[in-house]
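Next come the chains, spelled out residue by residue.
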Amino acid sequence: MNSLPISPNHLYVIALGSNRPHGLHGRPESILAAAMVHLQAHDVVLFALSPTQQSAAIGPSQRRYANAAALISTALPPPDLLSLFKQIERAFGRRRGQRWGRRVLDLDIILWSGGLWQSPALSIPHPHWQSRRFVTGPLAMLAGDWRDPVTGLNVRHIARRIGRPKPIKQR
């Protein structure tokens, strides 16, 4: 379902990640800051940026990730913002490769002020965001009251839910 908000600007909650150094920008933490500078050079307004946190890699990569979240505004609709993200990732040296492998930069649209977006290339909300602490933790710091358009739960509630230990089944 695609819907466009009345406002000419869209609000987005995005996730940023890096687990490979860059020749110019250095360590993954610095790469995330440099990526925000690149975004702002493309008429993206940064409202808030979470602190960077470290997390274990998902999949085959052994290197820990630097992760952060940002609340941004832009006139770009979701497909155009995704295109900009791919352009910036390539500019930072990201290449197509192994799924969940090492990467210099990963930019993901997590939530959007327009609610739901569904196309072959893009799903908003991001299909896996609710199960990843490295996404929900930083998002809760920035947009804790923002509601997931699918479940109706707010980000803070979702972050607490996955932060709890799972009960052990008694036999």
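Preceding block: the structure.
Summarised in this report is the structure supplied together with it.

Thresholds, definitions, all that
- Along each chain, the written sequence defines residue order, and numbers are assigned to residues from 1.
- Note on the predicted model: pLDDT of at least 70 is required for a residue's local features to be given, and 80 or more for side-chain atom pairs to be given and counted; whole-chain, interface and lining totals, by contrast, use all residues.
- Hydrogen atoms and water are omitted, and side-chain values are computed over all heavy atoms in the structure.
- The definition of a nonpolar core used throughout is a set of buried Ala, Val, Leu, Ile, Met, Phe, Trp, Tyr and Cys residues joined through side-chain atoms within 4.5 Å.
- For every residue, the accessible area obtained with a 1.4 Å probe (protein chains only) is divided by the maximum for its type, and the residue is called buried under 20%, exposed over 50%, and partly exposed between those limits.
- Secondary structure follows DSSP: runs of H or I at least 4 residues long count as helices, runs of E at least 2 residues long count as strands, and numbering of each begins at the N terminus.
- The contact criterion used is simple: two residues touch if any of their non-hydrogen atoms lie within 4.5 Å.
- Geometry of aromatic contacts follows a simple scheme: Phe, Tyr and Trp rings, the Trp one being its six-membered ring, pair when their centres are within 6.5 Å, and the pair is stacked under 30 degrees between planes, edge-to-face over 60, tilted otherwise.
- Strands pair, by our definition, only if DSSP identifies at least two bridges between them.

## A look at the nonpolar core
Part 1 of the argument: One finds Ile14, Leu16, Leu39, Ile72, Phe92, Leu105 and Ile109 to be the most contacted residues of the largest nonpolar core, which totals 28 residues.
Part 2 of the argument: Sorting the residues of this core by element identifies β1 (10-18), α1 (28-40), β4 (65-74), α2 (78-91) and β5 (106-112) as the ones contributing at least two each.
Part 3 of the argument: When residues of this core are assigned to their parent elements, the largest contribution, six residues, is made by α1.
Part 4 of the argument: With sequence-adjacent residues up to four places away left out, leucine 39 is seen in contact with Ile14, Val44, Leu84, Phe85 and Ile88.
Part 5 of the argument: The next biggest cluster of nonpolar side chains, apart from the first, holds 15 residues, and it includes Ala15, Leu71, Leu139 and Val155.

## Things to note about the packing of aromatic side chains
Part 1 of the argument: Taken as a whole and assessed by the stated rule, the structure comprises one aromatic pair.
Part 2 of the argument: Between the aromatic rings of tryptophan 112 and tryptophan 117, the centroid separation amounts to 5.6 Å while the plane-to-plane angle is 80°, which identifies the pairing as edge-to-face.

## Observations regarding unusual backbone geometry
Part 1 of the argument: The linkage connecting isoleucine 124 with the following residue, proline 125, adopts the cis geometry, with an omega of 5°.
Part 2 of the argument: Residue placement: proline 125 occurs in the loop between β7 (123-124) and α3 (133-143).
Part 3 of the argument: Even without a glycine there, the phi angle at aspartate 43 is positive, about 60°.
Part 4 of the argument: Secondary-structure assignment places aspartate 43 in the loop between α1 and β2 (45-49).
Part 5 of the argument: Owing to a relative accessible area of 66%, aspartate 43 belongs among the exposed residues under this scheme.

## Description of the pairing of β1
Part 1 of the argument: Taking burial as the measure, the nine residues of β1 include eight buried ones, the bulk of the element.
Part 2 of the argument: Pairing between β1 and β4: nine bridges, direction antiparallel. Looking at the pairing, histidine 10 lines up with threonine 74 of β4.
Part 3 of the argument: Sheet analysis places β1 next to β5, joined by six bridges and oriented antiparallel. Opposite leucine 16, over in β5, you have leucine 107 as the bridge partner.

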